[in-house]
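Coordinates in review
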Amino acid sequence: MRQWIAIGAAVGLVAVTLPMLRKHDVELAGLLAKSKIETNGGPVVTREVTPPPLTDIDLTRIDDRGNIAIAPAHGNRRAELTVVPKYQRAAVALLRSGHVPEGAVVMTDIKTGRVLAWASYVDQGAMHDVAAEATAPSASVFKIVTATALVEHAGLGPNTKQCYSGGEHAITAKDMIDNKKRDKWCATLAQAMGRSLNTVFARLAAKNLDRNELEGTAQKLGWGQDIPFDVKLAQSTITLPEDDLGFARTAAGFWNTTLSPFQGANLATTIANGGEMVRLSIVSNVKDEDGEIYKGPTVRMPLKRVMSEQTARAITSMMEETVDSGTSYKSFHDRAGRAYLPDIRIAGKTGTLTKPTAEGPFYTWWVGFAPSDKPEVALSVLVANGAKWRVKATHVASDMLRVYFADKNAPGVRSPFDSGSVARRD
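As annotated in an unreviewed UniProt entry, the protein chain is Penicillin-binding transpeptidase domain-containing protein from Polyangium mundeleinium.

Here it is, written out as structure tokens:
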């Protein structure tokens, strides 16, 4: 019985209550390889092979020089990818030109779930698939999880107001106490998302959520879960402390959770799809010397609903504050305040956290989608810098969206690679 449940997951016919399984495609493709199976647009193994068709696909060696991006697979096999070569080249170029020690860019098509860019970059040392790893802290991207829990479990909304003090770089027990004399500033939940106000999230979580509600929301959104995909992925992790202060710090994005660039893109894609998680895919087909042995999904494949449409709209409005007036404003506008993506609404969330060691690394995130009122593309960017840096994730995200929308001939948008293009503001 478990095999048939797994087969259903592998071909993408996943019921809303079906658990997501870790060895999804590699192992189950082996089961499917025993015969040709039609799947109404889902993945198909077209010929029996050993090992299974998706074995050893290496996304650190994507060849984007032609019209179709390809990656090597087991033996002499070749995987043709959904990746758009010009977007892939742009992502790698932005990471390289920013002298990023390590980073990743994952871009997806909202409607289909197809991956449009999968760029892992390592400046020194052995190459590894940064996009698939979950070693970096979630940082303030986790505020999306906390906001979702506050909306769904506590009935709060973008206009919920909380006064605060302290908490810019750390949260102490003193910061958790409402005090009219010290709390000189107040912000709505949307403003707190945009400006990444730690104390607001910490206090609201402490007042309105319990551990099961926050952890359960994180799990629904993908933390601690195995999410179906075409290659092996590390789980994004969550470990909630038992103490109240530790719980509040985690809710605000201080440690105790990790995030993969893949999961960042999956999260953004889910919110952009109105709270419905869809199966992301990157493999169009796999061929060996005798022809095609695997064909990837050809239709949009919903996995399950993880939040209501109303909640997704509320989270989207909060994330819009990040670019409109928050932590991403400068990277999405020039020195005169003109938007690099005029008339395009953008929903995003930044994250910044430094490992408590003398040498870092200094992690920055940008996770979001655009246009936020009619989503087309989701984006996840991770940059791990040293003590000296040239770009953060928010800068790379702005430039990647400029590449995408310039390619779509959006009015007033110029690619950062165009000659004479306005330089991005630092």
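1. Quick word on the state of the cysteines
Per the counting criterion, the structure on display carries one disulfide. What pairs with Cys163 in a disulfide is Cys186, and their sulfur atoms sit 1.8 Å apart. Given an S-S torsion of about 80°, the disulfide between Cys163 and Cys186 has right-handed geometry. Here Cys186 lies in strand S8 (residues 185-188) and Cys163 lies in strand S7 (residues 161-164), a separation of 23 residues in the sequence.

2. Quick notes on the pairing of strand S11 (residues 283-288)
Note that strand S3 (residues 78-81) and S11 share four bridges and pair antiparallel. If you follow Arg78 over to S11, its bridge partner there is Lys287. As paired strands, S11 and strand S12 (residues 291-295) are joined by four bridges and run antiparallel to one another. Its bridge partner lying in S12, Asn285 is registered against Lys295.

3. Things to note about the sheet that holds strand S14 (residues 347-354)
In space, the five strands of this open sheet follow the order S5-S4-S16-S15-S14, with antiparallel pairing throughout. Looking along the sheet, the strands with just one partner apiece sit at the ends: strand S5 (115-122) and S14. When strand polarity is set aside, the average angle formed by the axes of neighbouring strands in this sheet is 5°. Sheet analysis places strand S4 (residues 102-109) next to S5, joined by seven bridges and oriented antiparallel.

4. Topic: unusual backbone geometry
At the junction of Thr50 and Pro51, the peptide bond is cis and its omega measures out at -5° in the coordinates. Structurally, Pro51 is set in the loop between strand S1 (44-45) and strand S2 (70-72). Of note, the bond from Ala370 into Pro371 is cis; its omega dihedral lies within 30 degrees of zero at -20°. Within the secondary structure, Pro371 sits in the loop between strand S15 (362-370) and strand S16 (377-385). Even without a glycine there, the phi angle at Ser196 is positive, about 55°.

5. Observations concerning the pattern of salt bridges
A complete count under the given rule lists 18 salt bridges for this structure. Across the pair Lys207 and Asp178 runs a salt bridge, and its minimum N-O distance is 2.7 Å. Separated by 29 residues along the polypeptide, Lys207 in helix H6 (residues 198-208) and Asp178 in the loop between S7 and S8 bring together distant segments of the chain. Assessed through its relative accessible area of 47%, Lys207 is described here as partly exposed. You can call Asp178 partly exposed: its relative accessible area is 42%. What emerges from the salt-bridge pattern is a single network uniting Asp178, Asp183, Arg203 and Lys207.

What counts, and at which threshold
- Residues numbered from 1 in each chain as written.
- Predicted model: local features only at pLDDT ≥ 70, side-chain atom pairs only at ≥ 80, totals over all residues.
- Heavy atoms only, no water.
- Disulfide = S-S within 2.5 Å.
- Helix = DSSP H or I, 4+ residues; strand = E, 2+ residues; numbered from the N terminus.
- Pairing = 2+ DSSP bridges.
- Axes fitted to C-alpha atoms, helices over the stretch in contact; angles between N-to-C directions.
- Salt bridge = Lys/Arg side-chain N within 4 Å of Asp/Glu carboxyl O.
- Buried < 20%, exposed > 50% of the residue type's maximum accessible area, 1.4 Å probe, protein only.

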